Amino acid sequence: VKFKNHKVGLTLLHIQNGEQKAGIFDQRTLIGSDNRIIKDNLEYSERSITNALLTGKHSFKGGDFEIEWKLSPTLSKIDDKDVRVAAFRIEGGDYKIEPSEGALPRRIWRFLDEENYTGRIDLTSKLSLGNRTGKIKFGASNTLKMRDYSIFNFEFRTQGDVELSGDPNDILLPENIWTPSNREGVYVVGNSEPANMYEAEQNVFGGYLMGELPVADKIKAVVGVRAEQFIHKYTGQNNFGDIVLNDEKLLDQLDFLPAVNLIYSLNDNKNLRASFSRTLARPSFKELSIAQIYDALSDRTYIGNLNLQVTNISNFDLRWELFQDAGQMFSVSGFYKDFTNPIE
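Report follows, based on the coordinates. (Residues numbered from 1 in each chain as written. Predicted model: local features only at pLDDT ≥ 70, side-chain atom pairs only at ≥ 80, totals over all residues. Heavy atoms only, no water.)

**Regarding the overall build of the protein chain**
Working step 1: Scanning the protein chain for helices and strands turns up 0 helices and 15 strands.
Working step 2: Taken against the 2.2 N^0.38 rule, which gives 20 Å for 344 residues, the C-alpha radius of gyration of the protein chain at 29 Å runs more than 25% over that of a compact globule.
Working step 3: Taking the principal axes of its C-alpha atoms as reference, the protein chain extends roughly 95 × 45 × 45 Å.
Working step 4: The burial tally for the protein chain puts 30% of its 344 residues in the buried class.
Working step 5: Excluding contacts between residues fewer than 6 apart, the proportion of contacts in the protein chain whose partners are at least 24 apart in sequence is 66%.
Working step 6: Here the protein chain has roughly 20,800 Å² of accessible surface; of this, 53% comes from carbon and sulfur atoms.
Working step 7: Treating the 41 positive side-chain charges of the protein chain as one cloud and the 48 negative ones as another, the clouds have centres 12 Å apart. (Helix = DSSP H or I, 4+ residues; strand = E, 2+ residues; numbered from the N terminus. Rg over C-alpha atoms; globule rule 2.2 N^0.38 Å. Buried < 20%, exposed > 50% of the residue type's maximum accessible area, 1.4 Å probe, protein only. Contact = heavy atoms within 4.5 Å. Areas by Shrake-Rupley, 256 points an atom, 1.4 Å probe, with all protein chains shown as cover. Lys, Arg positive; Asp, Glu negative; His and termini not counted. Charge placed at Lys NZ, Arg CZ, Asp CG, Glu CD.)

Set out below in structure tokens:
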């Protein structure tokens, strides 16, 4: 919706897709214990994202002062519904279920729900510096993310002698099911682990001040600083139960991030730019955690780390640029980055 000096917009978005995967794996171990395992995997993942974006832009004093704001809630979901892993050990032509050797059929359900609430406001004012004009811009933002992650895992074990052919459908044949009368066969065990489930929250509140200032006839400077308060909370426990976190603050940190960008006009169509900035790389939800998340297809377990720190990055950039007709541009640039406490 547009008015004379005001504009308000609303955008709604929903995206959803599903992906099905299948794989047959021949896994051999030659060091330690000599074994061969055949795996038949089926996996279905469903992803969706729902977003609403409400924006506004307001102009005052003939465009010398502007206010722009945005509000945006987002709901993201990833559901792995009934991941099936049929793993058998081959020994002498026989197919066996042996959990100690990694030959363990499983069915897994995984659910991830994340809510994201973002709001920001930016104010821009034009400045007169003698016969030159510049801009000053300041504002604030807040982003709140809340995640809920859980896994439900069921394992198929055997008691006694069970004849299997390597076909996953054999596991639940009536003659292979354990009963109180025969006391042998296949039975199901729930194996949900506390370390596979967690709730976490991240909140980033930021404020900034920046100016676009003409220092001289051929030199323009864009300088600013941003302050960010980052809080990471976690609820979960390890499998032994000796580490239990309930809405625990794992990170509570205030950072100041300066930036300087100098632009020197060599002539009407050539510029030389030099810039410096400080940026951050923060650990994600599952990185800064005690979670132990098993991936059925890769047969690997992702393990979080409570000792991770925020990565501080110093960025140096230098660029020469040439502007040509019809909007064409040619540039040569180089950069240098210094990382402190890199997350690997």
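**Focus: the side chain of Lys39**
Working step 1: Looking at where Lys39 falls in the secondary structure, it is placed in strand 2 (residues 35-60).
Working step 2: Given the relative accessible area of 5%, Lys39 is considered buried.

**Some words on the pattern of salt bridges**
Working step 1: With the rule as written, the count across this model stands at 21 salt bridges.
Working step 2: A salt bridge links Lys81 to Glu46; its shortest N-O distance comes to 3.1 Å. With Lys81 in strand 3 (residues 65-91) and Glu46 in strand 2, the pair connects residues that are 35 residues apart, well separated along the chain.
Working step 3: Given a relative accessible area of 34%, Lys81 falls into the partly exposed group.
Working step 4: In this structure, Arg157 and Glu155 form a salt bridge, with 2.8 Å as the shortest nitrogen-oxygen distance. (Salt bridge = Lys/Arg side-chain N within 4 Å of Asp/Glu carboxyl O.)

**Let's talk about a nonpolar patch on the surface**
Working step 1: Together, Leu127, Leu129, Leu213, Val223, Val260 and Leu262 give the surface a local cluster of nonpolar side chains, amounting to about 390 Å² of exposed area.
Working step 2: Only strand 5 (106-129) and strand 10 (244-267) provide two or more residues apiece to the nonpolar patch.
Working step 3: Topologically, Val223 is positioned in strand 9 (residues 219-237).
Working step 4: Classification of Val223 by relative accessible area gives partly exposed; the value is 31%. (Patch = residues over 30% accessible without salt bridge, like charges linked within 9 Å, V, L, I, M, F, W, Y side chains within 5 Å.)

**Observations regarding the nonpolar core**
Working step 1: Counting 15 residues, the largest nonpolar core has Tyr149, Tyr198, Tyr234 and Ile293 as its most contacted members.
Working step 2: Those elements giving two or more residues to this core turn out to be strand 3, strand 5, strand 6 (132-159), strand 8 (198-214) and strand 12 (292-295).
Working step 3: Counting residues in hydrophobic clusters, the runner-up holds 9 residues, among them Ala86, Phe88, Leu104 and Phe156. (Core = buried A, V, L, I, M, F, W, Y, C linked by side-chain atoms within 4.5 Å.)

**Considerations on the packing of aromatic side chains**
Working step 1: With the rule as written, the count across this model stands at 9 aromatic pairs.
Working step 2: Members of the aromatic cluster, joined through ring pairs, are Tyr149, Tyr198 and Tyr234.
Working step 3: Lys286 extends its terminal NZ or CZ atom over the ring of Tyr302, reaching a point 4.4 Å from the ring centre. (Phe/Tyr/Trp six-rings, centres within 6.5 Å; stacked < 30°, edge-to-face > 60°. Lys NZ or Arg CZ within 6 Å of the ring centre and 35° of its normal.)

**Points about the side chain of Asn196**
Working step 1: By the secondary structure assignment, Asn196 is in the loop between strand 7 (185-190) and strand 8.
Working step 2: By relative accessible area, Asn196 is classed as buried at 7%.

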